[in-house]
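# Secondary and tertiary structure notes
This is what each chain is made of:
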Amino acid sequence: MANISTPVIELRGLTKRYGVGDAEQKALDSIDLVIEKGEFIAIMGPSGCGKTTLLNILGLLDRSNDGEYFLDGKSVENFSGTRHARIRSQQIGIVFQSFNLINRLTVIENVALPLTYKGIMRTKRLKQASEILKNFHLSEREYYMPWQLSGGQMQRVAIARALVNNPSIILADEPTGNLDSKSSHVIMEELSDIHKRGNTIIMVTHNPALTTYASRVIHMLDGNIASDTKIPIEFKQSTTKIPLSTHQTEAKPPKKPAKKRKTKAKKK
Ligand SMILES: Nc1ncnc2c1ncn2[C@@H]1O[C@H](COP(=O)(O)OP(=O)(O)O)[C@@H](O)[C@H]1O
Ligand SMILES: [Mg+2]
């Protein structure tokens, strides 16, 4: 039975193998991990170390070969695909590394899609989608097709879609990966708000500056957890002053970050 002290996620000896025989490789090598409700976890590590594999399993999109996965204290490894889908639609929001938008649907229809699985009526779905698109400064793009958007806009749509059904767990695979500094800020501020409302966020990132939003930073290496560090709250005061996209500043320096931040704060 779940209670206050039950971790939202617990992994015991979680192992994922790819390939067979000589070609066998452990993408995840007996991972033990406990995640409490309300944590904001940043996962870092070199390409190929297993970050996406881990998120896919946490998001019930893939299954491990060995070990156990407890979600809210319940072992979910052996649940059916249908049951996994139901848990996803009620509890988990996933932001993929590639946006995974559906090209034949408009922006607003893409965002409203997860609500379909919850059985919400169309008018209400579109209203909710429209609401969340506002947060991402995309109201004017509601009836665009995905291919008419910039990369940054597509990613914001993908994130809006992941958040539209108010998931309590958000899994994000490099949500600001290809974005300029301004778009990164919009997304990180939104994730930060969601975190402050008590939800759990697990975000893969290559950008060390983004870890300032996190309450815990996990480094992975070769399918293992190499380090796991909780960040004390007093350390996090200066969060928003740190430039978000160190790797992008050359291409697109943020013009007046201080002023923009003020505008955003005032709006709230
Ligand atoms: N579908 C797959 N089939 C075979 N090997 C895979 C598959 N997905 C991932 N891998 C392998 O598992 C390892 C971890 O991959 P991944 O989780 O994508 O790493 P990361 O997200 O950290 O870059 C890599 O060596 C990758 O080649
Ligand atoms: Mg990856």
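Please refer to the structure higher up on the page.
Scope of this entry: the structure provided in the associated data block. (Residues numbered from 1 in each chain as written. Chains lettered and ligands numbered in written order. Predicted model: local features only at pLDDT ≥ 70, side-chain atom pairs only at ≥ 80, totals over all residues.)

## A look at the sheet that holds strand β6 (residues 92-95)
Read across the sheet, 6 strands follow the order β6-β7-β8-β3-β9-β10 without closing on themselves; strand pairing throughout is mixed. Only two strands of the sheet have a single neighbouring strand rather than two, namely β6 and β10 (224-230). If you compare each strand with its neighbour and ignore which way they point, the axes differ by 15 degrees on average. In terms of strand pairing, strand β3 (residues 40-44) meets strand β8 (residues 200-204) through 4 bridges, oriented parallel. Looking at the pairing, A42 lines up with M203 of β8. (Pairing = 2+ DSSP bridges. Helix = DSSP H or I, 4+ residues; strand = E, 2+ residues; numbered from the N terminus. Axes fitted to C-alpha atoms, helices over the stretch in contact; angles between N-to-C directions.)

## Examining the site of ligand 1
All residues in the neighbourhood of ligand 1 are listed as Y18, Q25, A27, G45, S47, G48, C49, G50, K51, T52 and T53. Secondary-structure elements contributing two or more residues to the shell around ligand 1 are β2 (25-35) and α1 (51-58). In terms of residue count, the dominant contributor to the shell around ligand 1 is α1 (3 residues). A breakdown of the residues in the shell around ligand 1 according to their chemical character gives 3 nonpolar, 7 polar and 1 charged. (Near = placed C-beta within 6 Å. Nonpolar A, V, L, I, M, F, W, Y, C, P; charged D, E, K, R; others polar.)

## Quick look at the pairing of β8
Residues in a regular strand project their side chains so that they alternate between the two faces of the sheet. Most of β8 is tucked away, with 5 of its 5 residues classed as buried. Burial along β8 is two-sided: the residues T200, I202 and V204 and I201 and M203 are all buried. Bridge analysis of strand β7 (residues 169-173) against β8 gives 5 bridges, and the strand direction is parallel. The partner of A172 across the bridge, within β8, is M203. As a crossover connection, the stretch from β7 through helix α6 (residues 181-196) into β8 is right-handed. (Buried ≥ 20, exposed ≤ 12 C-beta atoms within 10 Å, placed from the backbone. Right-handed = clockwise from strand over helix to strand, strands pointing away.)

## Topic: the nonpolar core
I41, I43, V111, A160, L171 and M203 are the most contacted members of the largest nonpolar core, which totals 63 residues. In terms of residue count, helix α5 (residues 151-163) provides more of this core than any other element does, 7 residues in total. If we skip the residues at most four places from it in the chain, M203 touches I41, A42, I43, A172, P175 and L191. (Core = buried A, V, L, I, M, F, W, Y, C linked by C-beta atoms within 7 Å. Contact = placed C-beta atoms within 7 Å.)

## Structural notes on unusual backbone geometry
Phi angles above zero are rare outside glycine, and N100 is one such case at about 60 degrees. Along the chain, N100 falls in the loop between β6 and α3 (107-116). By C-beta crowding, N100 is classed as partly exposed, having 14 other C-beta atoms within 10 Å. Within the chain, E174 stands out as a residue other than glycine whose phi angle is a positive 45 degrees. The residue E174 is located in the loop between β7 and α6 in this model.

## A look at the environment of L28
Counting through the fold element by element, L28 comes out in strand β2. Its 27 C-beta neighbours within 10 Å are what place L28 among the buried residues. Along the backbone, L28 and I225 are 197 residues apart, and their C-alpha atoms lie at a distance of 9.3 Å. Those residues in contact with L28 that sit more than four places away from it in its chain are L14, T15, K16, G50, T53, L54, S64 and G223.

## Some thoughts on the packing of α3 against α5
Each pair of packed helices can be summarised by the angle the axes make with each other and by the distance between the axes. At their nearest, the axes of α3 and α5 sit 7 Å apart, and the two run at 30 degrees to each other. When the axis of α3 is compared with that of α5, the two are roughly parallel. You can see that α3 and α5 cross each other, and the crossing is right-handed. Between α3, through V107, N110, V111, L113 and P114, and α5, the contact on the second element is made entirely by V157, A160 and R161. Its residues assigned to classes, the contact of α3 with α5 shows 6 nonpolar, 1 polar and 1 charged. (Parallel < 35°, antiparallel > 145°, perpendicular 65-115°, else oblique. Left-handed = near helix turned anticlockwise from the far one by under 90°.)

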